Amino acid sequence: MRAKAIFFPIFLVLFFLFSGKVAAGEPTELEHHGDSSAVHVSDGHNKEQKVDITKVAFEHILDSHSWHLFGEGHDAVSIPLPVILKTNNGLVVFSSGEFHHDTHGTHVVEKNGERFVNFEETIYYASETPNVHGQYLEMEENGSEWHPKNAAPLDFSITKNVAQLFISAIVLILIFSSIAKAYKTTGVTSAPTGKQSFFEPLIVFVRDDLAKGNIGHGYEKYVPYLLTVFFLILINNVFGLIPIGANLTGNIAFTLVLSVITLIVTNVNANGAYWHHILMPPAPKWLWPILIPIEVVGILTKPFALMIRLFANMTAGHIIVISLVGLIFFFESLAISPISVAFALFIDVLECLVAFLQAYIFTMLTALFIGAATADHSHDESHSGEHATESH
Amino acid sequence: MNSLFILNALVTPGVGLIFWTSIVFILLLVLLGKFAWKPILAAIKSREESIDEALKSAEKAKLEMQELKAGNEKILAEARAERDALLKEARDTKDAIINEAKTKAKSEADRILTSAREQITNEKNAAITELKNQVATLSIEIAEKILRSELSSDDKQKALVTNLMKDVNLN
């Protein structure tokens, strides 16, 4: 089941990678969503029979328990992914297909004597009886919002984002191990060919411009980490541009992990000068009560900015594309579609640039932070590091 | 679906994704580090080194070539100098030989001339002696003939004696 769930997306992703129809596919997919939303608004709070563009947009951006391909509601074609829940009684594993495309909390799945519902892609323990909308949830109103009151188990499911993470990791390993093999077979005296000639400049760029340029002495140690970060972000940025791809790099959990790792790498390798600068800033002593907290908070704000930057940039790009296509439904006129498609295409092309740019910025700033923490002349370096951070 | 609710969902990191991302990233770092980055970086580095080395050796070859060229020129100059020296020596030798020959020839010529002169003198002396002898013989013969004719008659004898007597008287 799981193997199948991973294998089929690989095929599809490769198909879309080589078909080159990245931008053109987006509107079609959205139309399906749009149609169904019009028919299917059944969460009970929105009585309008109109397309909720916000909802459509966020459905694309947020994670989900199944990999949606096309179609809507009960006719939707999607790849079911494993749901893994850590409940009070241990691990529960079942296929997301058992929810039968329900994300409104109306379909209960019973496993190991526990009952679950999927509400807006969050899995809750189901209530004993349905409420007036047929939801096995107890809703409570909080201002204008409706929240389920039910408890939720810890969700370790292989969601769409996790599945894409696996796929991208496998693709990265396949690409780079084959490149490594190519170096072994052709030797180092011949010029690079094929994949090698595409990736080698990027690898050399990361090594020379990002690692060597920002870290300086002793940079070799960090090159594998920086390369992994760079290519993992890059490949997922690119996969995110493909219509059926998941928005992994625009997910805050993913960027959180990467920036926490940067935080750890930076501070574990930091030298005495770095800590001296933070705990005993080169300023009059009476300023220390203000400066020391600022410097200490600065340790966290740098990776925090990394996390927000990548998340916000990728998410924003996706929202813009979807919003532009959404104009068709907003104006309820097909006449607007040429404009929508033209602008969406433009933004998509821009996003291709952003995909590289954000991978570059994340890696560059990571290298800069490491460089600032390990530099011999810590004072000057860390200041220039902070300025560079602000400028991005 | 309320937009605030969605925004909340957007900025709330999911536990599952954090968990899987951490695992996958660390695995990826280890696997790629071992099977991709290490050999790739090593290969790129060794290629860069080989390029560097090739450039350096080319530069070295260039220098060597220049050195060789300079050496060649030096050798050429030396050869030229040697040739000049040889030529000079040869010329000197030639002059010396010529001079010697000249001197020798001159002395020989002198010697020959001297001996020739001596011989001439000797020959001349001998010829003179012979001539003198001949003349003497002739003279005697003539004198004999004259005496014979003069003394062939008594008259002539008398006349002779008279003449001789005359001369004697004069003396």
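Our structure is the block above this text.
Presented here is a report on the structure given in the accompanying data block. (Residues numbered from 1 in each chain as written. Chains lettered and ligands numbered in written order. Predicted model: local features only at pLDDT ≥ 70, side-chain atom pairs only at ≥ 80, totals over all residues. Heavy atoms only, no water.)

**Let's talk about the packing of helix 6 (residues 223-241) of chain A against helix 10 (residues 337-374) of chain A**
Residues and elements named next belong to chain A.
So, point 1. Put simply, helix 6 and helix 10 touch, their axes get as near as 9 Å, and they point 160° apart. Comparing the axis directions of helix 6 and helix 10 gives the class roughly antiparallel. Handedness of the crossing formed by helix 6 with helix 10: right-handed.
So, point 2. Of the residues contributing to the contact of helix 6 with helix 10, the split by class is 17 nonpolar, four polar and two charged. (Axes fitted to C-alpha atoms, helices over the stretch in contact; angles between N-to-C directions. Helix = DSSP H or I, 4+ residues; strand = E, 2+ residues; numbered from the N terminus. Parallel < 35°, antiparallel > 145°, perpendicular 65-115°, else oblique. Left-handed = near helix turned anticlockwise from the far one by under 90°. Nonpolar A, V, L, I, M, F, W, Y, C, P; charged D, E, K, R; others polar.)

**Brief notes about helix 6 of chain A**
So, point 1. Helix length check: helix 6 of chain A (19 residues) gives 27 Å between terminal C-alpha atoms against 27 Å at 1.5 Å per residue, within 8%.
So, point 2. Of all 19 residues making up helix 6 of chain A, 17 are buried, and the element is well covered by its neighbours. (Expected span 1.5 Å × (residues − 1). Buried < 20%, exposed > 50% of the residue type's maximum accessible area, 1.4 Å probe, protein only.)

**A closer look at the sheet that holds strand 6 (residues 114-119) of chain A**
Residue and element names in this part refer to chain A.
So, point 1. Reading across from one edge, 5-6-7 is the order of the three strands in this open sheet, with antiparallel pairing throughout. The open sheet has two edge strands with one neighbour each: strand 5 (109-111) and strand 7 (122-125). Mean inter-strand twist for the sheet, computed between neighbouring axes without regard to direction, equals 35°. (Pairing = 2+ DSSP bridges.)

**Topic: the sheet that holds strand 4 (residues 90-95) of chain A**
Residues and elements named next belong to chain A.
So, point 1. Spatially, the three strands line up as an open sheet ordered 4-3-10, and their pairing is antiparallel. The outermost strands of the open sheet, each flanked by one partner alone, are strand 4 and strand 10 (154-155).
So, point 2. Bridge count between strand 3 (residues 82-87) and strand 4: six bridges; the pairing is antiparallel. Residue isoleucine 84 lies in a different strand from strand 4, and its bridge partner there is valine 93.

**Things to note about a nonpolar patch on the surface**
Residues and elements named next belong to chain B.
So, point 1. The grouping of Phe19, Ile23, Leu27, Leu31 and Phe35 at the surface amounts to a nonpolar patch, some 430 Å² of accessible area in total.
So, point 2. Turning to its location among the elements, isoleucine 23 is positioned in helix 2 (residues 15-150).
So, point 3. Since its relative accessible area comes to 32%, isoleucine 23 is described here as partly exposed. (Patch = residues over 30% accessible without salt bridge, like charges linked within 9 Å, V, L, I, M, F, W, Y side chains within 5 Å. Areas by Shrake-Rupley, 256 points an atom, 1.4 Å probe, with all protein chains shown as cover. Salt bridge = Lys/Arg side-chain N within 4 Å of Asp/Glu carboxyl O.)

**Quick notes on the packing of aromatic side chains**
So, point 1. Within the structure shown, the criterion is met by 18 aromatic pairs over all chains.
So, point 2. Residues Phe205(A) and Tyr360(A) carry aromatic rings whose centres are separated by 5.7 Å and whose planes lie at 40° to one another, so their mutual orientation is tilted. With Phe205(A) in helix 5 (residues 195-215) and Tyr360(A) in helix 10, this residue pair connects regions lying 155 residues apart in the sequence.
So, point 3. Tyr360(A) sits in the partly exposed class, given a relative accessible area of 28%.
So, point 4. Pairing Phe330(A) with Phe331(A) gives two aromatic rings, centres 5.3 Å apart and planes at 85°, and the pair type is edge-to-face.
So, point 5. Taking the relative accessible area as the measure of exposure, Phe331(A) reaches 46% and is therefore partly exposed.
So, point 6. Three or more aromatic residues joined by ring pairs make a cluster, and in this case those are Phe176(A), Phe198(A), Phe199(A), Phe230(A), Phe231(A) and Trp37(B).
So, point 7. Cation over ring: Lys285(A) sits above Trp288(A), and NZ or CZ is 5.3 Å from the ring centre. (Phe/Tyr/Trp six-rings, centres within 6.5 Å; stacked < 30°, edge-to-face > 60°. Lys NZ or Arg CZ within 6 Å of the ring centre and 35° of its normal.)

**Looking at the interface of chain A and chain B**
So, point 1. Opposite the 58 residues of chain A that make contact, chain B presents 38 residues.
So, point 2. Glu200(A) is paired through a salt bridge with Arg47(B); the nearest N and O atoms lie 2.3 Å apart.
So, point 3. Elements with a contribution of two residues or more to the side of chain A that touches chain B: helix 3 (53-61), strand 9 (145-148), strand 10, helix 4 (160-186), helix 5, helix 6, helix 7 (252-268) and helix 9 (288-331) of chain A.
So, point 4. With 12 residues, the single largest contributor to the side of chain A that touches chain B is helix 4 of chain A.
So, point 5. In the side of chain A that touches chain B, the residues fall into 39 nonpolar, 10 polar and nine charged. (Contact = heavy atoms within 4.5 Å.)

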